There are 2 protein chains.
Amino acid sequence: MDPDAVAKAFVDHYYSTFDSNRAALVGLYQDSSMLTFEAENLMGSQAIVAKLAGLPFQQFLHQISTTDCQPSGPAGGMLVFVSGTLQLQGEQHPLKFSQVFHLMPTPQGSFYVLNDIFRLIYA
Amino acid sequence: MDPDAVAKAFVDHYYSTFDSNRAALVGLYQDSSMLTFEAENLMGSQAIVAKLAGLPFQQFLHQISTTDCQPSGPAGGMLVFVSGTLQLQGEQHPLKFSQVFHLMPTPQGSFYVLNDIFRLIYA
């Protein structure tokens, strides 16, 4: 399977889910998953999705500018590095962000997010 | 060892070396290391450092805005996620960048860079 195609499919799925139904992201994380969101650390799918679903904005619209990926280690993991913009409802200007995902394979032939680090990039 | 302290020490060392003597970065990479630099893929310490040392600017000055880290997997790896600005000699305005490193432990108790992805973040 082409890693670039896997990364692109993951990124499309992740941000379209984020922008339509944040609670549905729970299936992408596991108990060992970690999210660092603007320097706040969360662990486990429930805590991570509670954080994302609880963000104080009704609507998000992510636009992806770049997606880079690399295979990562003998266990079949993959790093996916994203930059883009984020339009929040009621805000005039989109915000720039950068985010990295460390994906690990599941026994079912899919991937889950082991590591997730998100930062807004300020002007 | 405190992961945040390791990440901070790595970041300080990496960018001060980059800004003073790029060729000396060779010791941080190994044959299996990968760099994706503005969508260009390189593999192995020699190819990576040849790319970095050959960048067509005499002088770089990195300023770090944020450093985030997470432990990554059972092999003792660590993800380090950096955002900041980059001042190039002769350029009026600094450029924003974001970069992720996947560090792996060495038998000597240090770390090497397994994965490295760099992107400029445009306005």
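First, a word on scope: everything that follows refers to the structure included in this document.

Rules used in this analysis
Residues numbered from 1 in each chain as written. Chains lettered and ligands numbered in written order. Predicted model: local features only at pLDDT ≥ 70, side-chain atom pairs only at ≥ 80, totals over all residues. Heavy atoms only, no water. Pairing = 2+ DSSP bridges. Helix = DSSP H or I, 4+ residues; strand = E, 2+ residues; numbered from the N terminus. Axes fitted to C-alpha atoms, helices over the stretch in contact; angles between N-to-C directions. Contact = heavy atoms within 4.5 Å. Expected span 1.5 Å × (residues − 1). Buried < 20%, exposed > 50% of the residue type's maximum accessible area, 1.4 Å probe, protein only. Arc of directions from axis to C-beta.

**Some remarks on the sheet that holds strand E4 (residues 77-88) of chain B**
All names here are of chain B.
Argument step 1. Sheet architecture is open: 6 strands sit in the order E2-E1-E6-E5-E4-E3, paired in mixed fashion. Each edge of the open sheet is held by one strand with a lone partner, namely strand E2 (40-43) and strand E3 (60-72). Between one strand axis and the next, the sheet turns by 15 degrees as a mean value, whatever way the strands run.
Argument step 2. Pairing of strand E5 (residues 95-105) with strand E6 (residues 111-121) involves 10 bridges; the strand directions are antiparallel. Along E6, the bridge assignment pairs Val100 with Ile117.
Argument step 3. Contacts between helix H1 (residues 3-20) and the sheet are confined to strand E1 (29-37), E3, E4, E5 and E6, with E3 contributing the most and set at about 150 degrees to the helix.

**Some thoughts on helix H1 (residues 3-20) of chain A**
Residues and elements named next belong to chain A.
Argument step 1. Counted at 1.5 Å a residue, the expected span for H1 with its 18 residues is 26 Å, and the 26 Å between its end C-alpha atoms agrees.
Argument step 2. Those residues of H1 that fall on the buried side of the exposure criterion are Val6, Ala7, Phe10, Val11, Tyr14, Tyr15, Thr17 and Phe18. Buried residues of H1 fall within an arc of 160 degrees about the axis and therefore sit on the same side. In H1, the exposed residues that point more than 90 degrees away from the buried face are Lys8 and Ser20.
Argument step 3. Residues of H1 that are buried sit in contact with strand E1 (29-37), helix H2 (45-53), strand E3 (60-72), strand E4 (77-88), strand E5 (95-105) and strand E6 (111-121).

Functional significance is not addressed by these values, which are geometric in nature.
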